[in-house]
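# Coordinate inspection notes
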Amino acid sequence: MKVLEERIRQEGLILSETVLKVDSFLNHQVDTELALQIGQEFKAIFGDQPITKVLTVEASGIQFAMAAGIALGVPFIYAKKKKAVTLSEAVYSAPVHSFTRQEDYLISISQKYLGPGDNVLIVDDFLATGAALVGLCDIVEESGAQLMGVGCVIEKSFQEGRSLLEQRGIPVHALARIASMSPGEVHFIDNPGTGSARAEELIKESAGC
């Protein structure tokens, strides 16, 4: 998704070889038009699947799961990181370790909203270590629903998240795949089907940081 790559180049702040801040347009202040375009992109990728629910985890994936749900015409659900007092019914749950916050937490979803009749698309903002997404996959499996695939806005391809999901036979699609980065530059991997002559070509551009 070239428009997303350009925004990362122009506005992304690369703090280290593993830390990218995109809070000016994706996950603190949100460019709503871009978020809706991202939803349409996920529809273009997964729209031929009989998806009945879009699933994410709070909080940064919510806007993209909602945009995908709007585009696909289905509800979206977000897993809660802390069980609310009002969430008194039976839940599916899974432990997750946050790479960003360096803490462990339990995500949960009410069993009323996910079950064997559902075909689920998981959507999140980042794919890095894959911990949150693996937790969501475990919840889908526990519920008896069918997992149709995982869609991520940005993937740090140099981390292990994709391989953890693909080892489980889960289709993974990321809209912007970062091969490597450091303060001042970012290398993207072109996704197959983007019209590039070489799908794995690295594109080196100056990053706006």
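Located above this text is the structure these notes cover.
Attention here is on the structure that accompanies the text. Being a predicted model, the structure only gives us computed values, none of them experimental.

## Comments concerning helix α4 (residues 131-143)
Side chains that are three or four residues apart share a direction in an α-helix, a result of its 3.6 residues per turn. If you check α4, its first and last C-alpha atoms are 19 Å apart, about what 13 residues at 1.5 Å a residue would give, namely 18 Å. Residues A132, L133, V134, G135, L136, C137, I139, V140 and S143 constitute the buried set of α4. G144 occupies a position one or two residues after α4 and carries a positive phi of about 85°.

## Notes on the pattern of salt bridges
Applying the stated criterion across every chain yields a total of 13 salt bridges. Across the salt bridge formed by D31 and R7, the nearest N and O atoms sit 2.8 Å from each other. Linking D31 in the loop between β2 (20-21) and α2 (32-46) with R7 in helix α1 (residues 2-11), this pair joins segments that are 24 residues apart in sequence. On the accessibility criterion, D31 (25% relative accessible area) is partly exposed. Given the relative accessible area of 17%, R7 is considered buried. Of the charged contacts, one joins E141 and R168 as a salt bridge, the two residues approaching to 3.4 Å between their closest N and O atoms.

## A word on α2
The end-to-end C-alpha distance of α2 is 21 Å, a good match for the 21 Å that 15 residues give at a rise of 1.5 Å each. The complete set of buried residues in α2 reads L34, A35, I38, G39, F42 and F46. Burial along α2 is one-sided: seen end-on, the buried residues are contained in an arc of 150°. Facing away from the buried side of α2 by over 90 degrees, the exposed positions are E33 and A44.

## A short note on the nonpolar core
By size, the foremost hydrophobic cluster in this structure holds 32 residues, and its most contacted members are L4, L20, L26, I38 and I154. At the level of secondary structure, the elements contributing two or more residues to this core comprise α1, α2, α3 (62-72), β7 (119-127), β8 (146-156), β9 (172-182) and β10 (185-189). In terms of residue count, the dominant contributor to this core is α2 (5 residues). When sequence neighbours within four positions are dropped, the list of residues in contact with I38 reads M1, L26, F64, V153 and L175. Membership of the second largest hydrophobic core comes to 29 residues, among which are I109, A132, V134 and L147.

Cut-offs applied
Residues numbered from 1 in each chain as written. Predicted model: local features only at pLDDT ≥ 70, side-chain atom pairs only at ≥ 80, totals over all residues. Heavy atoms only, no water. Helix = DSSP H or I, 4+ residues; strand = E, 2+ residues; numbered from the N terminus. Expected span 1.5 Å × (residues − 1). Buried < 20%, exposed > 50% of the residue type's maximum accessible area, 1.4 Å probe, protein only. Salt bridge = Lys/Arg side-chain N within 4 Å of Asp/Glu carboxyl O. Arc of directions from axis to C-beta. Core = buried A, V, L, I, M, F, W, Y, C linked by side-chain atoms within 4.5 Å. Contact = heavy atoms within 4.5 Å.

Shape descriptors only; they carry no functional weight alone.
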